[in-house]
Amino acid sequence: MFKKLPFILMTLTFVLVLAACGSKNDAGTEGTASNGSGETATELSGNILAVGSTALQPLVEQAGQKFMAVDEYKNVTVQVQGGGSGTGLTQVSDGQATIGNSDVFAEEKIDDAAKVSELKDHQVAVVAIAPVSNKDAGVQDLTKQQLIDIFSGKITNWKDVGGADQAIVIVNRPSSSGTRATFENFALGTKVEDIQGSIQEDSSGTVKKLVAETPGAIGYLALSYLDDSLQVLKYEGVEATVENVEAGKYPVWAYEHMYTKGDPDAATKAFLDYILSDEIQQNDVTELGYIPVSGMKVKRDAAGTVTQ
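Residues numbered from 1 in each chain as written. Predicted model: local features only at pLDDT ≥ 70, side-chain atom pairs only at ≥ 80, totals over all residues. Heavy atoms only, no water.

Looking only at helices and strands, one finds 10 helices and 16 strands in the protein. Across the 308 residues that make up the protein, the buried fraction comes to 42%. For the protein, restricting intrachain contacts to residue pairs at least 6 apart in sequence, the fraction spanning at least 24 positions comes to 73%. Of the roughly 15400 Å² of accessible surface on the protein, a fraction of 50% belongs to carbon and sulfur atoms. (Helix = DSSP H or I, 4+ residues; strand = E, 2+ residues; numbered from the N terminus. Buried < 20%, exposed > 50% of the residue type's maximum accessible area, 1.4 Å probe, protein only. Contact = heavy atoms within 4.5 Å. Areas by Shrake-Rupley, 256 points an atom, 1.4 Å probe, with all protein chains shown as cover.)

Structure below.
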């Protein structure tokens, strides 16, 4: 028995050394994955909260679902919330959201230049906004001045613009809405006060439902929300089509921005790169009624100046 003891001790020592080596190898691969070339790459993980524009929300939600289904990004969670562009910009600036979705440039909503300078702009698409009415209003085209008079309360019946003898019901967006800012800037050319009796909703989906179901209603929506339940109104005789927006013929459009506070972290950068990839830009962006930035023949700066 005592003659075998050195052999037993040697065997135990060998087993313990092997176990220790195996433990070190396991710790060294934690959070890594093979990239197919024999090397290892760190797996992305994290939580992304994108808040803001409801006009941009359908695209970010759809892209987020597809992004999380990619095996490489399975450990990244993307959550998307509405609330309007102003809310998105405020929350990303305050560090409450990872991404602030906005239909307007940050400097149009945030007065503090220092806070604006902290934000990084990622332009992912172009959105066009069209005036829409209930289908029974009897109108297909409105001029800029007619829209100003309707939204300022000077015109209150559709018969005064060639439509049915029906009271006009305004379905507006709150002041925090980027869609409202785009509509006021480029369709009306002026800000208008909320008039008594108008309805105010902070969701594009709710605006669509109310205009479709409320006799005499008028509102405005991104192209991504338009369908046969609404009467899409021409603006100064021009239809809100992709071709007209790209050519600069239809003026009521804006960039869709996804702002981050400084440079995005690895997971957020991967998500933004994914949205800007050909797969999303040439499929999801166009299918949902947005316009790829690459298709625009004109560009617009934060001051609203359009150039070729």
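Now that the structure has been shown, we can carry on.
Once that is clear, we can look at the environment of Ala240. On the secondary structure map, Ala240 appears in the loop between strand S13 (234–235) and helix H8 (242–247). Its relative accessible area of 16% is what places Ala240 among the buried residues. Between the C-alpha atoms of Ala240 and Pro131, which are 109 residues apart in sequence, the distance is 9.0 Å. Each residue touching Ala240, except ones within four places of it in the same chain, is listed here: Ala130, Leu223 and Tyr250.

Okay, the packing of aromatic side chains next. Counted according to the given criterion, the structure contains nine aromatic pairs. Look at Phe105 and Tyr255: their rings are 6.2 Å apart centre to centre, the planes differ by 80°, and that puts the pair in the edge-to-face class. Of this pair, Phe105 sits in the loop between strand S5 (99–102) and helix H4 (113–118) while Tyr255 is found in strand S14 (residues 253–261), placing the two residues 150 residues apart along the sequence. A single burial state applies to Phe105 and to Tyr255, both of which are buried. (Phe/Tyr/Trp six-rings, centres within 6.5 Å; stacked < 30°, edge-to-face > 60°.)

Quick look at the confidence of the model for the protein now. On average, residues of the protein carry a pLDDT of 88, and 86% of them reach 70 or more. With pLDDT under 50 throughout, residues 1–41 is counted as low confidence; its partners more than four residues away or in other chains account for 14 contacts. (pLDDT = per-residue confidence, 0-100.)

Our focus in this paragraph is the layout of surface pockets. Approximately 260 Å³ is the volume attributed to the largest pocket. In terms of lining, the largest pocket is formed by Glu108, Lys109, Ser175, Ser177, Arg180, Ala181, Glu184, Asn185, Lys191, Val192, Glu193 and Asp194. (1 Å grid on protein atoms, 1.4 Å probe; cavity = no way out; pocket = protein on both sides within 12 Å on 5 of 7 lines; lining within 4 Å. Points joined across faces, edges and corners; volume = space filled by probe spheres on them.)

By size, the foremost hydrophobic cluster in this structure holds 80 residues, and its most contacted members are Leu142, Ile150, Phe151, Trp158, Ile218, Met258 and Phe271. Per-element tally for this core: the top contributor is strand S7 (residues 123–133), with eight residues. Sequence-distant contacts of Phe271, that is, excluding residues within four places in its chain, are made with Ile48, Val60, Ala63, Gly64, Phe67, Val78, Ile99 and Met258. (Core = buried A, V, L, I, M, F, W, Y, C linked by side-chain atoms within 4.5 Å.)

Turning our attention to helix H6 (residues 178–188). Among the 11 residues that make up H6, nine are buried, leaving the element largely enclosed by the rest of the structure. The set of residues buried in H6 consists of Gly178, Thr179, Arg180, Ala181, Thr182, Phe183, Glu184, Ala187 and Leu188. Capping the start of H6, Ser177 holds a side-chain oxygen 3.1 Å from the backbone nitrogen of Thr179, two or three residues further along. (Polar contact = N/O pair within 3.5 Å; in protein donor to acceptor, adjacent residues only side chain to side chain.)

Once that is clear, we can look at the packing of helix H5 (residues 144–151) against H6. Contact geometry of H5 with H6 gives a least axis separation of 10 Å together with a crossing angle of 135°. One finds that H5 runs oblique with respect to H6. Here Lys144, Leu147, Ile148 and Phe151 of H5 come into contact with H6, specifically with Phe183, Ala187 and Leu188. (Axes fitted to C-alpha atoms, helices over the stretch in contact; angles between N-to-C directions. Parallel < 35°, antiparallel > 145°, perpendicular 65-115°, else oblique.)

Along any regular strand the residues' side chains alternate between the sheet's two faces. Across the nine residues of S14, eight count as buried, placing the element largely inside the fold. Here S5 pairs with S14 via three bridges, running antiparallel. Across the sheet, Gly100 pairs through a bridge with Tyr259, a residue of S14. (Pairing = 2+ DSSP bridges.)

Bringing the side chain of His257 into the picture now. When you line up the elements, His257 lands in strand S14. A residue is classified by how much of its surface remains accessible, and His257, at 0% relative accessible area, is buried. Here the side chain of His257 touches Asp121 through a polar contact of 2.9 Å, side chain to side chain. Those residues in contact with His257 that lie beyond four places of it in its chain are Leu56, Gly100, Asn101, Ser102, Asp103, Val104, Phe105, Asp121, His122 and Gln123.

Let us now look at the side chain of Thr260. For Thr260, the location among the structural elements is in strand S14. Within polar-contact distance, the side chain of Thr260 engages the side chain of His122 at 3.0 Å. Polar contacts involving the side chain of Thr260 include one to the main-chain carbonyl oxygen of Gly262, which spans 2.8 Å.

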